[in-house]
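Residue-level structure breakdown
Take a look at the letters that make up each chain.
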Amino acid sequence: MEIFEEDKEIKQLMLRISRKEITLCETCDTFFDYVPQKTTCDECKKARRREYEQRPEVKERNRKRKREYEQRPEVKEQIRKRKRKYRQRPEVKERNRKRKQTPEYKAQQREYQREYYNRPEVKERRRKQRREKRQRPEVKERERKRKQSPEYKEQQRKYRQRPEVKERRRKRQRERYHRKKKLREEE
Ligand SMILES: [Zn+2]
């Protein structure tokens, strides 16, 4: 009886296959609704796709495509906007605010800044900026006035009185004296 039932079922399936109602999957034993050219079920197709995308050369190609895609100006702009929007979400803002207060973050920032300001091109740029700033008429004028102020003069006087500054000055004088003396002796 059971064998008979099974037989009947198989016959029924064969019939449906021949009528192009269903298809038997190529890689597993499921039937799926007939679609022209389709030989595998959705699950197997997905699995095959996943397997394919795990191949190193495919992964690399996909990464490259993604990079190229993200370099397009309109895409870049879109990404920027999305990131900005994300950062403005209250929970994200709060999380960032907290993160910025951690000692690790602060240490990391300090380290980064030190590294940044020590780069030769940055040093040179900053030197140039300072030089240019000093050359600006209004800055020059401000500086001239500052140097004439009693506060500045007092400050300078105090500076010159500092032991290490005094010592440096004496040392320079001694050196100058010895240089001159030597020059005279050589004559
Ligand atoms: Zn399948």
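Rules used in this analysis
Position numbers for residues start from 1 in each chain and track the written sequence from start to end. In view of the model being predicted, local features appear only for residues whose pLDDT reaches at least 70, and side-chain atom pairs are presented and counted only at 80 or more, with totals across whole chains, interfaces and linings using the full set of residues. Note that the domain bounds were set by an automatic or database domain assignment. The way it works is that DSSP assigns letters per residue, a run of H or I at least four long becomes a helix, a run of E at least two long becomes a strand, and they are numbered from the N terminus. The contact criterion used is a C-beta to C-beta distance within 7 Å, with each C-beta placed from the backbone. One less than the residue count of a helix, multiplied by 1.5 Å, gives the span that helix is expected to have. Here the C-beta atoms are placed from the backbone, and a residue counts as buried if at least 20 other C-beta atoms lie within 10 Å of its own, exposed if 12 or fewer do, and partly exposed otherwise. Note on definitions: angles span 0 to 180 degrees between N-to-C directions of axes, and those axes are lines fitted to C-alpha atoms, for helices only across the stretch in contact. These descriptions rest on fixed angle ranges, namely under 35 degrees for roughly parallel, over 145 for roughly antiparallel, 65 to 115 for roughly perpendicular, and the rest for oblique. Residues were grouped as follows: Ala, Val, Leu, Ile, Met, Phe, Trp, Tyr, Cys and Pro as nonpolar; Asp, Glu, Lys and Arg as charged; and all remaining residues, including Gly, as polar.

A closer look at the domain arrangement of the protein
Split into domains, the protein comes out as domain 1 (1-54) and domain 2 (149-187). Each of domain 1 and domain 2 has a C-alpha centre, and these two points are 98 Å apart.

Describing the environment of Val58
Mapping Val58 onto the fold places it in helix α3 (residues 56-71). Spatially, the C-alpha atom of Val58 lies 71 Å from that of Arg169, the residues being 111 residues apart in sequence. When sequence neighbours within four positions are dropped, the list of residues in contact with Val58 reads Tyr52 and Glu53.

Looking at helix α8 (residues 137-148)
When the terminal C-alpha atoms of α8 are compared, their 17 Å separation across twelve residues agrees well with the 16 Å that a helix rising 1.5 Å per residue should span. Where burial is concerned, little of α8 is hidden: zero out of the twelve residues are buried.

Here we look at the packing of α3 against helix α4 (residues 73-87)
Orientation of α3 relative to α4, taken along the N-to-C sense of each, is 85°, at an axis distance of 5 Å. Considered as vectors, α3 and α4 are oriented roughly perpendicular to each other. For the pair α3 and α4, the contacting residues are Tyr69, Glu70 and Gln71 in the first and Val75, Lys76 and Ile79 in the second. Its residues assigned to classes, the contact of α3 with α4 comprises three nonpolar, one polar and two charged.

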